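# Fold and geometry: a report
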Amino acid sequence: MSSPPRPIPPASDASALRSWLLAAKSAVEQRGVDADALLREVGLDLSTLSDPMARYPAHLGLAFWQKALQATGEELLGVDLALQFMPLNFSALGYALMASENLAQMYLRLARYAHVVTDAADVRFHQGDGASRITITGDQALLGTAEPATVWSIFDYAMLTLMRGSRILYGRDFMPLELRLQRQRPQDHAKFEKVFRCTPIYGCDDNALVVDHATLHKPLSFANLEVVKASEEAMDRYRSHWPDRGLPQQLAAVLKEMLPSGEPRQDDVARRLAMTLRTLQRRLAEQGTSYRDVLNQTRHQLALDHLTAAQYSVSEVSFLLGFSEVSAFTRAFKRWTGSSPSTWRQAAPTLPPHAH
């Protein structure tokens, strides 16, 4: 009689839709490995996840994927997984993305609703004058528990899925200005680059696509605003029923999206979370926090990220965080860190600025 799997302590409370796990299981089985055995080793049982909208702990999915990479010995297993991508893997989000008016709208919706698929990843879409960038990052507490090759494989899947989704909408001639990857160049880089149909920039500080303005705004033939509306309503209803434990994370994700347009009104944020302001305040209070606490924590982390990356001036950072005056940002930053933004930036290690 086999002993029960030893519980794997969570590095975060992030979760993901069951659909990713099913696709991952299929990719592993195609390599001749008993995926069910690996799932049992980490404590996952797909038979308990019959609901297509069921979620599972992301740290267990990551543990399964790391074991799968070791068992298959396949460096590009994330590519295998991405090649099985279908829009329906993303449930209602897939419909909304495929019915978008153009790629810019597709990327905006992906950034807004990616947490419906998994809150272990953060998608951001930065629009510029001549080109824009869509960036995918992961839960650092979660990814910090995995080997670099495992993390790279996860982003292989994410970025190739993004590339293939863009080509489904735009056409086979879709080509970004840049494909930026954190991973080092794989041993079989010829196969890797053939699948992506371009040569990535390896060893970057982020995972991103940089796309020109004309490509982003070309009208798409599958655009259907009625489908988009119905899909977004379905996702808003789904988000409103997420476990309360993740509400601060959901709130932070919405704030990150809204802050560049100025500090949002609380009732507008509550509406984005498909709940009343009173309900939002009550649920946050039950978890020992408040709207203001989450807002400050979100601004604090974003400020550190922006100042470390050295992409923006201090005044630009202040407006990206929704402050109407630089002086208000400076006072807030001193409360958070004890120093001014300029002083903190001078003492912090600087990452290369993002390419435009």
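Residues numbered from 1 in each chain as written. Predicted model: local features only at pLDDT ≥ 70, side-chain atom pairs only at ≥ 80, totals over all residues. Heavy atoms only, no water.

### Focus: the overall build of the protein
- What the protein contains, in helices and strands, is 18 helices and six strands.
- A compact globule built from 356 residues would reach a C-alpha radius of gyration of about 21 Å, and the protein, at 21 Å, matches this within 12%.
- Projecting the C-alpha coordinates of the protein onto the three principal axes gives extents of approximately 60 × 50 × 45 Å.
- Looking at the protein as a whole, 52% of its 356 residues qualify as buried.
- The contacts of the protein with a sequence gap of at least 6 include a subset with a gap of at least 24, amounting to 69%.
- Surface exposure of the protein reaches about 17000 Å², of which carbon and sulfur atoms provide 53%.
- Averaging the coordinates of the 38 positive side-chain charges in the protein and doing the same for the 38 negative ones gives two points 2 Å apart. (Helix = DSSP H or I, 4+ residues; strand = E, 2+ residues; numbered from the N terminus. Rg over C-alpha atoms; globule rule 2.2 N^0.38 Å. Buried < 20%, exposed > 50% of the residue type's maximum accessible area, 1.4 Å probe, protein only. Contact = heavy atoms within 4.5 Å. Areas by Shrake-Rupley, 256 points an atom, 1.4 Å probe, with all protein chains shown as cover. Lys, Arg positive; Asp, Glu negative; His and termini not counted. Charge placed at Lys NZ, Arg CZ, Asp CG, Glu CD.)

### Quick notes on the packing of aromatic side chains
- Throughout the structure, instances matching the rule amount to ten aromatic pairs.
- Here Trp-20 and Tyr-157 contribute two aromatic rings whose centre-to-centre distance is 6.3 Å and whose plane-to-plane angle is 75°, an arrangement assigned as edge-to-face. With a gap of 137 residues between them, Trp-20 in helix α1 (residues 18-29) and Tyr-157 in helix α8 (residues 148-170) connect regions that are remote in the sequence. With respect to class, Trp-20 is no different from Tyr-157; both count as buried.
- Among the aromatic residues, ring-to-ring pairing joins Phe-323, Phe-329, Phe-333, Trp-336 and Trp-344 into one connected group.
- In this structure, Arg-183 packs its charged tip against the face of Phe-192, placed 5.2 Å from the ring centre. (Phe/Tyr/Trp six-rings, centres within 6.5 Å; stacked < 30°, edge-to-face > 60°. Lys NZ or Arg CZ within 6 Å of the ring centre and 35° of its normal.)

### Quick notes on helix α15 (residues 291-309)
- The first and last C-alpha atoms of α15 sit 27 Å apart over 19 residues, in line with the 27 Å expected at 1.5 Å per residue.
- Here α15 has its buried residues at Tyr-291, Val-294, Leu-295, Thr-298, Arg-299, Leu-302, Ala-303, Leu-304, His-306, Leu-307, Thr-308 and Ala-309. (Expected span 1.5 Å × (residues − 1).)

### Points about the environment of Leu-307
- Structurally, the position occupied by Leu-307 is in helix α15.
- Take Leu-307: its relative accessible area is 1%, and that puts it in the buried class.
- Not counting residues within four places of it along the chain, the set of residues in contact with Leu-307 comprises Val-314, Val-317, Phe-333, Pro-341, Trp-344 and Arg-345.

### Describing the packing of helix α2 (residues 35-42) against helix α3 (residues 58-72)
- Contact pair α2 / α3: the axes reach a minimum separation of 9 Å and the direction vectors enclose 135°. Accordingly, the angle class assigned to the pair α2 and α3 is oblique. The two elements α2 and α3 cross, and the hand of that crossing is right-handed. In contact with Ala-35, Leu-38, Leu-39, Glu-41 and Val-42 of α2, α3 contributes Leu-60, Ala-63, Phe-64, Lys-67, Ala-68 and Ala-71.
- For the contact of α2 with α3, the residue count by class is nine nonpolar, no polar and two charged. (Axes fitted to C-alpha atoms, helices over the stretch in contact; angles between N-to-C directions. Parallel < 35°, antiparallel > 145°, perpendicular 65-115°, else oblique. Left-handed = near helix turned anticlockwise from the far one by under 90°. Nonpolar A, V, L, I, M, F, W, Y, C, P; charged D, E, K, R; others polar.)

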